[in-house]
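Structure assessment
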Amino acid sequence: MAGTHAAGWLAVPPDHPLGLQTLPYGTFTTVDRPTEPRAGVAIGDCVLDLSAAMCRLLTGRAHLFSSGRLDAFLDAGDRAWDQIRSAVTKWLSSDDYREAIEDLLVPAADARMHMPFAVADYTDFYASEHHARNVGRIFRPGGEPLPRNWRHQPIGYHGRSATVVLSGTPVRRPYGPSLPPGTEAPVFAPSARLDFEAELGFVVGVETVVGEPVTVGRFTEHVFGACLVNDWSARDIQAWESMPLGPFLGKSFATTISPWVVPLAALEHARIRPPSHGTDVFSYLAEPDGWGLDIGFQVTLNGHVISRPPYATMHWSPAQMLAHLTVNGASVRTGDLYASGTVSGPQPGERGCLLELTWGGTQPLALPDGSTRTWLEDRDELVITATAAGPEGTRVGLGEARGMILPAQDPTAI
Ligand code: MN
């Protein structure tokens, strides 16, 4: 129906990224009730108190939000996800429900956001061919940029869930061992090559049991939605420690996520065939239609746009990532987060980390204020935002993942 998505008694402008086409879920408190987390749905410039609305209008499912966190809802499965999204859409669009919920709308500016779910396991992939090729060229000049295994399977590593933090949480520059250029012995020092990685994260709802892989076709039974991820990276610590194993302390000090989890249902219109479609892959990675996603990212450093990475260029889809993650029999749990890897497009202005934007620190980035950057400096603030293609020309907002760098503090000093 034409105009459906702009309709509703709230009259959210049709170009608003948080209209009825989006309806993401999060956890919030207000100043008057600071110790009572409540589940919320973002709508326009407001947050609907979903925990309270459920108690009034859908009591049979209200227990899913009684904690204020999303964990029970994530675990409830796709029938509950669909039922509740339909109900919320109806409440916010039909005049019949205006009286019942109007007093449950909180101005977004008055809502303090919290971690929406307990992050169980955290995995990070490496699904952008442009990112993988650029990294290969930077670290192995003259060699084949793409690792031999890269086209055969989504490459990833298991990270640290305990240090996944909410957008807005300051990130302290880590100390660690590294081998500075031109030195003979490693030093223990603050990272001098602190970087960000703009990524998309996928949130697992329904767990699996050990020994049962998730086929690409069952992706939507297990994954609830998506959020933005900044995989902060200390390149000098990472380079020294990654011989021969993968990322460790260079990554595990902090990972930032956006506060709103956007359901896959809101990303249906953004679906495209990923570049892996039709390529020669193992049968467990073959995807008939695909979960490539037309999502435009924007990265700002201290308010200046430094990159616009296009998610549509990501080679591997999230359905393929989950199929690979579980094909050896490994299980996933409610609250698992797996991220796409740095999103980088083919153009220089589409690179999703400073490693690529400054070509390993050799080409400083000029900012409009006259300053330059090779790596992040103390007090730099990095913000990742994104919008996906929505129905009828709308945009589906994914919110933001924001973080400011704090000066290093020697963790071994007494
Ligand atoms: Mn990463």
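Note that the coordinates shown come from a computational prediction; the quantities given were computed from them, not determined experimentally. (Residues numbered from 1 in each chain as written. Predicted model: local features only at pLDDT ≥ 70, side-chain atom pairs only at ≥ 80, totals over all residues. Heavy atoms only, no water.)

Comments concerning the pattern of salt bridges
Cut-off, in case you're wondering: In the sections that follow, a salt bridge refers to a side-chain nitrogen of Lys or Arg positioned within 4 Å of a carboxyl oxygen of Asp or Glu. Secondary structure elements are taken from DSSP: a helix is a run of H or I of four residues or more, a strand is a run of E of two residues or more, and numbering for both begins at the N terminus. Type-normalised accessible area, obtained with a 1.4 Å probe on protein chains alone, sets the label of each residue: buried when under 20%, exposed when over 50%, and partly exposed for intermediate values.
In the structure shown here, the tally under the stated rule is 19 salt bridges. Here R235 ties to E197 by a salt bridge, and the two come within 2.8 Å at their closest N and O atoms. In this pair, R235 sits in helix α7 (residues 235-241) while E197 sits in the loop between β12 (194-195) and β13 (198-204), placing the two residues 38 residues apart along the sequence. Summarising the burial analysis for this pair, R235 and E197 share the class buried. One connected set of salt bridges, linked through shared partners, spans D195, E197, D231, R235 and K251.

Some words on the coordination of the manganese ion
In plain terms, the rule: Think of the donor list as every N, O and S atom within 2.8 Å of the metal, or within 3.2 Å for Na, K and Ca; water never makes the list, so a site can look incomplete.
At 2.1 Å from the manganese ion lie its protein donor atoms, namely D124 (OD), E197 (OE), E199 (OE) and D231 (OD). Going along the chain, you hit the donors of the manganese ion in the pattern D-x72-E-x1-E-x31-D. Of this pair, E197 sits in the loop between β12 and β13 while D231 sits in the loop between β14 (223-230) and β15 (233-234), and the two are 34 residues apart along the sequence. Taking the relative accessible area as the measure of exposure, E197 reaches 5% and is therefore buried. When its relative accessible area of 0% is taken as the criterion, D231 is described as buried.

Remarks on the domain arrangement of the protein chain
This is how it is decided: Here the bounds of each domain stem from an automatic or database domain assignment. The contact definition used throughout considers only heavy atoms, calling two residues in contact when any of these lie within 4.5 Å. Summed over both partners, buried area is the accessible surface (1.4 Å probe) that two parts give up on being assembled. As used in this structure description, the phrase polar contact means that two N or O atoms lie within 3.5 Å; if the pair is within protein, one of them must be able to donate a hydrogen and the other to accept it, and residues adjacent in sequence are counted only when both atoms belong to side chains. Side-chain classes are defined by residue name, with Ala, Val, Leu, Ile, Met, Phe, Trp, Tyr, Cys and Pro counting as nonpolar, Asp, Glu, Lys and Arg as charged, and the others, Gly among them, as polar.
Under the domain assignment used here, the protein chain contains domain 1 (8-114) and domain 2 (122-409). Of note, the centres of domain 1 and domain 2, computed from C-alpha atoms alone, are 29 Å apart. Domain 1 puts 25 residues into the contact, and the matching count from domain 2 is 24 residues. For the pair domain 1 and domain 2, the summed buried surface comes to about 1800 Å²; carbon and sulfur atoms form 74% of the total. A per-residue breakdown of the area domain 1 buries against domain 2 is headed by Q21, L74 and W81, which together make up 30% of the total. Seen at the junction of domain 1 and domain 2, the total is zero salt bridges. Put simply, domain 1 and domain 2 have three residue pairs in polar contact (both at pLDDT 80 or more) between them. Among the secondary structure elements, those contributing two or more residues to the side of domain 1 that touches domain 2 are β1 (25-30), β2 (33-43), α2 (71-76), α3 (78-93) and β5 (112-114). Among the residues forming the side of domain 1 that touches domain 2, the class breakdown is 14 nonpolar, seven polar and four charged.

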